[in-house]
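Listed below, chain by chain, are the residues.
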Amino acid sequence: MAEENIIPFAEGAPPDNLMVEELPDGDVLIGDPDSDIVEDVEDTEFDSNLAEVIDDRELAKKASELVEYYENDRQARSEWEERYKQGLKTLDPDGGMEESEDERATRGLSIVVHPMIAEAATQFNARAIAELYPSGGPVKTVIIGDPNEEAEEQGRRVREFMNYQITQEMPEYFPDLDQMLFHLPLIGHTFKKVWWDANMDRQCSQFVKAEDFVVAPESKDLYTSPRYTHIIRMPRNDFNKYVQNGYYLPTSYIGDGADPTGDVIGEIEGVDEYGDDSEDNIMTLLEMHVYDLFDGIDGETVDEDDENAVAIPYVITVDYDNQKIVSVRRNWRQEDEEKKRRDWFVSFKFLPGLGFYGFGLYHMIGGLGKAATGSLRALLDSAAFSNMQGGFKLRGRVTGGDLQISPGEFADIDSTVDDVNKAIMPLPFKEPSGTLFQLMGFIVEAGQRFASTADLNVGDVNPNAPVGSTVALIEQGSKAFSAIHKRLHYAQGQEFKLIAKLNAENLPEEFGFSLAGSAEFVYRADFDDRIDIVPVSDPNIFSTAQRIAQAQAVLEMARSAPQLHDLYEAYKRMYEAIRIPNIDEILKKPEEAPQMDPIDENMSVMYGKPIRAFPEQDHEAHIAVHMQFMQDPSLGGNPAAQKTMAPILIAHIAEHIALLYRQRMEASVNIELPPLPNFKDPKFRFKDVDPEMDMLISQRAAQVVQQAPQMKQIEALKGMKGMGQGQQNPLQYAQQLAKLETDALKARTQAQIQADQAKAKSNIEIKQAEARQDLEIEAAKAQADMEAKIRKLEAELQLEREKNAAELQMEMIKNDPTI
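What you see is a predicted model, and the numbers here were worked out from it, not measured in a lab. (Residues numbered from 1 in each chain as written. Predicted model: local features only at pLDDT ≥ 70, side-chain atom pairs only at ≥ 80, totals over all residues. Heavy atoms only, no water.)

### Some details on the overall build of the protein
Along the backbone of the protein there are 20 helices and 18 strands. Out of the 819 residues belonging to the protein, those deemed buried represent 37%. Taking all contacts inside the protein whose residues are at least 6 apart in sequence as the whole, residues at least 24 apart take part in 68%. Looking at the protein as shown, the accessible area adds up to about 48,800 Å², and 53% of this sits on carbon and sulfur atoms. (Helix = DSSP H or I, 4+ residues; strand = E, 2+ residues; numbered from the N terminus. Buried < 20%, exposed > 50% of the residue type's maximum accessible area, 1.4 Å probe, protein only. Contact = heavy atoms within 4.5 Å. Areas by Shrake-Rupley, 256 points an atom, 1.4 Å probe, with all protein chains shown as cover.)

So, in structure tokens, the structure goes:
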């Protein structure tokens, strides 16, 4: 019986008051039922280890139950484990064949293994690692909602920090990803675990082998699984560090190094199981993610007979050798009132299987791999026996022992027969069969076709063929890998989201980190819902050849129609496709035009720099300076400048005229127009205007346009008087001027009335909508108050009924003692 499973009774309790309870595993609990062992855990921290405050008797019972659950789950997948072992043995020199390497070697037979499946796994690893872990980092960000300058800066900070974090602060990420991408095609299913490590005080992302991850047999996927277990093998010294940090409870080491699943990879690599003489003292922990209830935890009262009790998620770690619980932790977010389970694992599938676990190459072409190995061995054995023939010889008829015959030499032997052929008979071994060789080629080709390892040689394609045809050929030859790559892209995206959530919980408010040539800062608030973390890989692009072909197609179309494309972006994508580092040092990025005075703008045109008009400038002054510059024969007016600078300045003057027109119309309609887009952005565009504002501006602008001829007539009439032309008939002149000014005043008044009416109508509609909303809120509030009062009355009536029933029962007991 383990010493940890003995529960001492309370001090001073009489011996006849002891409670003795036998557990399912044979251990016996001895304690005082009157002692208050369960502590009040309401004041414990949310992330604390609840095993420190839960009753030891309850922990011991729970440990036995959980270990039994785990062993049942593992037994339910025993058939899958057998296929898993057979799949890994394809890497073994035995090749998964019936005869072992030693048995064949003693008979002088070939022990070579055809590398078809190993080749497919290696090529898959090489292609996948290049897409999922590029040199610039595997993370990119996407802005949720309308992008703005603040959100773009936030996305840049998050992207640069997470790439720095994964490539620099998590040195285990790349080796684990590399190893996982080699296991995945062979086995068909692997896992990644993302968590905050108490020992290293940072985030970790660890590759978890499928043999070390056991799910409940009824599971369909990871996120809806009712229970799953991660088998952790940990040196005793590392376990002690976790105990020192308060993460686990202390426990004695009594393990014999036995592995609960059997280390299949260790067997293939020739590594023995951990024995008692191991200096590392490897411990086996079962980290179980389950739904459970603990009496007294979070206000829960456990009733074993209550079938309607709702269990809540916990992470419970069990020392498998001691069958002792060393950690119990809540597995939901502290602010989550619904207590939804947090997931710390990401599932990577090669091919979808018929159940929870996916299928790998061995499931699909394992038979072809064995057939290819058998064919290759048969060919090699046939070649060996045909070149080094053996046979029979008569006993005692030929003497002389072993002979070494050199080319052109005849050796002497002693024989009792007159014909040596009568004493020695070689067996007729056939040379390697051409049919068998063709059969092996067919088998290998079928396996490679399924595994997509027979890559298209792009150099063999007609160079005059359209780029789209080349892309189609690449996609046709890699259909299977395309689907697998989409699964990997999705799973890696889930992994990055887990890392981002942990950053939001564990990073300080402001965290500084260093990049090449600069120091950057990231903030905990940056990891919010505005930024989505996604892999930098493209789920629709799964090879370098495809990426280059697509980038080349975009570049060709951009060259053919430059007015419809961004040439800089087209060339940038081409450089990215061929993986050229430090693109900005080679490719000149388009400059943003700064706000300048008209003199500097003219000089910028002469230097070939971009210029742009801005709304707040004095457009009339800019136009005058630019026009004078273009008319000066020694400056912009010379023939050479007319060809190069004149088109640029004319387009620039047109921008000033457009903005000047907007300023004048805004002053005339007496309405503040919608804000203009950011003119510093080369790809600026006007935003949609509100329909009511559009109608109001259109009406006012139309009225201003209609008034323009009248104002011109008034100005012309006043000009005639100034020149003396109105002195001939002053009365007629005064009447005309008064009529024109009256008509203009009427038009302005009518325009103002219509504008005021439109504005009043809009205000009335807004107030009506607000009034309707207030009424709806008041009605909903009244309904809620009424329902609350009804519930309160029902509760009071129920209490009154229960009280009356209790009083009636007490009265009956008092009147009838036999009850």
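Right, picking up where we left off after that structure.
### Let's talk about the sheet that holds strand β6 (residues 213-215)
Read from one edge to the other, the open sheet built from five strands follows the order β6-β7-β8-β9-β10, with strand pairing classed as antiparallel. Looking at strand neighbours, the two that pair on one side only are β6 and β10 (324-330), the edges of this open sheet. Ignoring strand direction, the axes of neighbouring strands in this sheet form an average angle of 20°. Here strand β8 (residues 282-292) runs beside strand β9 (residues 312-319); their pairing, made up of eight bridges, is antiparallel. Following the sheet pairing, Asp292 is matched in β9 by Ile312. In this fold helix α7 (residues 236-244) packs onto β7 (227-235), β8 and β10, with an angle of close to 110° to the strand it touches most, β7. (Pairing = 2+ DSSP bridges. Axes fitted to C-alpha atoms, helices over the stretch in contact; angles between N-to-C directions.)

### As for the packing of helix α9 (residues 361-387) against helix α10 (residues 434-451)
Put simply, α9 and α10 touch, their axes get as near as 9 Å, and they point 155° apart. As far as their axial angle goes, α10 and α9 are roughly antiparallel. Here α9 runs over α10; the crossing is left-handed. The segment α9 lies against α10, with Leu361, Met364, Ile365, Leu368, Ala371, Ala372, Ser375, Leu376, Ala378 and Leu379 engaging Leu436, Phe437, Met440, Ile443, Val444, Ala446, Gly447, Phe450 and Ala451. Of the residues that constitute the contact of α9 with α10, the class distribution is 17 nonpolar, two polar and no charged. (Parallel < 35°, antiparallel > 145°, perpendicular 65-115°, else oblique. Left-handed = near helix turned anticlockwise from the far one by under 90°. Nonpolar A, V, L, I, M, F, W, Y, C, P; charged D, E, K, R; others polar.)

### Remarks on the side chain of Gln203
Considering the arrangement of structural elements, one finds Gln203 in strand β5 (residues 202-208). Gln203 sits in the buried class, given a relative accessible area of 2%. With near-sequence residues (within four places) excluded, Gln203 lies in contact with Gln165, Met170, Glu172, Val194, Trp195, Trp196, Leu498, Ile499, Leu502 and Asn503.

### Structural notes on the pairing of β9
With eight of its eight residues buried, β9 lies for the most part within the structure. In β9, alternate side chains face the same way, and those of Ile312, Tyr314, Ile316 and Val318 on one face and Pro313, Val315, Thr317 and Asp319 on the other are all buried. With six bridges joining them, β9 and β10 adopt antiparallel strand pairing. Each residue of the ladder has a partner; that of Val315, found in β10, is Arg329. In this antiparallel pair of consecutive strands, β9 and β10, the connection spans four residues, and Gln323 shows a positive phi of 55°.

### Regarding the packing of aromatic side chains
One pass over the structure, following the stated rule, counts 23 aromatic pairs. With a centroid separation of 5.9 Å and 75° between ring planes, the pair formed by Tyr314 and Trp332 is classed as edge-to-face. Highlighted residues: Tyr314 in strand β9 and Trp332 in the loop between β10 and β11 (345-349), separated in sequence by 18 residues. With a relative accessible area of 0%, Tyr314 lands in the buried category. Through a chain of ring-to-ring contacts, three or more aromatic side chains come together here, namely Trp80, Phe191, Phe213, Tyr228, Phe345, Phe356 and Tyr357. Over the ring of Phe294 we find Lys62, and its NZ or CZ is 5.2 Å from the ring centre. We note Lys193 situated over the ring of Trp195; from NZ or CZ to the ring centre the distance is 5.1 Å. (Phe/Tyr/Trp six-rings, centres within 6.5 Å; stacked < 30°, edge-to-face > 60°. Lys NZ or Arg CZ within 6 Å of the ring centre and 35° of its normal.)

### Notes on the sheet that holds β5
Pairing is antiparallel across the open sheet formed by three strands, whose spatial order is β5-β4-β11. The sheet terminates laterally at β5 and β11, the two strands that pair on one side only. When strand polarity is set aside, the average angle formed by the axes of neighbouring strands in this sheet is 20°. Where strand β4 (residues 189-197) meets β11, five bridges bridge the pair, whose relative direction is antiparallel. Across the sheet, Lys192 pairs through a bridge with Val346, a residue of β11.

### Notes on the nonpolar core
Residues Phe124, Phe161, Met162, Leu181 and Leu488 are the most contacted members of the largest nonpolar core, which totals 64 residues. Among the elements that line this core, the one with the most residues is helix α12 (residues 479-506), at nine residues. Residues Val290, Ile325, Val326 and Val328 belong to the second largest nonpolar core, which totals 34 residues. (Core = buried A, V, L, I, M, F, W, Y, C linked by side-chain atoms within 4.5 Å.)

### Topic: the side chain of Ser604
Position of Ser604 relative to the elements: it lies in helix α15 (residues 598-607). Overall, the relative accessible area of 11% leaves Ser604 in the buried class.

### Section: the confidence of the model for the protein
Averaged over all residues, the pLDDT of the protein equals 76, while 69% of them reach at least 70. With pLDDT under 50 throughout, residues 1-18 is counted as low confidence; its partners more than four residues away or in other chains account for 32 contacts. Confidence drops under a pLDDT of 50 for residues 721-728, and excluding neighbours within four residues, the segment shows six contacts in the predicted structure. (pLDDT = per-residue confidence, 0-100.)

### Quick notes on the pattern of salt bridges
Here the structure, examined in full by the defined rule, presents 22 salt bridges. In this structure, the salt-bridge partner of Lys193 is Glu287, at a minimum N-O distance of 2.9 Å. On the criterion of sequence distance, the pair formed by Lys193 in strand β4 and Glu287 in strand β8 is long-range, its members being 94 residues apart. Side by side, Lys193 and Glu287 carry an identical accessibility label, which is buried. The partner of Asp343 in a salt bridge is Arg341, with the nearest N and O atoms 3.5 Å apart. In terms of burial, Asp343 and Arg341 fall into one category: buried. (Salt bridge = Lys/Arg side-chain N within 4 Å of Asp/Glu carboxyl O.)

### With respect to a nonpolar patch on the surface
The grouping of Ile599, Met603, Met606 and Tyr607 at the surface amounts to a nonpolar patch, some 460 Å² of accessible area in total. Its place among the elements puts Met606 in helix α15. Overall, Met606 belongs to the partly exposed group, its relative accessible area being 45%. (Patch = residues over 30% accessible without salt bridge, like charges linked within 9 Å, V, L, I, M, F, W, Y side chains within 5 Å.)

### Quick word on helix α2 (residues 78-88)
Buried within α2 we find Trp80, Glu81, Tyr84, Gly87 and Leu88. Buried positions in α2, seen along its axis, are confined to an arc of 120° and lie on one side of it. (Arc of directions from axis to C-beta.)

### Quick notes on the pairing of β8
Every regular strand shows the same layout, with side chains that alternate between the two sheet faces. The element β8 is largely enclosed, with a buried count of ten among its eleven residues. Inspection of the sheet shows β7 paired to β8 by nine bridges, in the antiparallel sense. Among the inter-strand pairings, Arg227 is bridged to a residue of β8, identified as Val290.

### Here's the deal with the environment of Phe124
Along the chain, Phe124 turns up in helix α4 (residues 116-132). We classify Phe124 as buried; its relative accessible area is 5%. Along the sequence, Phe124 and Ala451 sit 327 residues apart, while their C-alpha atoms lie 8.6 Å from each other. Ignoring any residue separated from it by four or fewer positions in sequence, one finds Phe124 in contact with Leu181, Leu184, Pro185, Phe350, Phe481, Ile484 and Leu488.

### Things to note about α9
Across its 27 residues, α9 extends 36 Å between first and last C-alpha, which sits within 8% of the 39 Å expected from 1.5 Å per residue. Gly367 marks where α9 bends most, by close to 40°. (Expected span 1.5 Å × (residues − 1). Bend = angle between axes of the 7 residues up to and from the residue.)

### Here we look at the environment of Tyr490
Structurally, Tyr490 can be placed in helix α12. Here the alpha-carbon distance between Tyr490 and Pro539, two residues 49 residues apart in the chain, equals 8.2 Å.

### Observations concerning the packing of α15 against helix α18 (residues 646-669)
Contact geometry of α15 with α18 gives a least axis separation of 11 Å together with a crossing angle of 145°. α15 and α18 meet at a crossing whose hand is right-handed. Residues Glu601, Asn602 and Val605 of α15 touch α18, and the partners they reach there are Ile648, Leu649, His652 and His656. Here the contact of α15 with α18 is built from residues that sort into three nonpolar, three polar and one charged.

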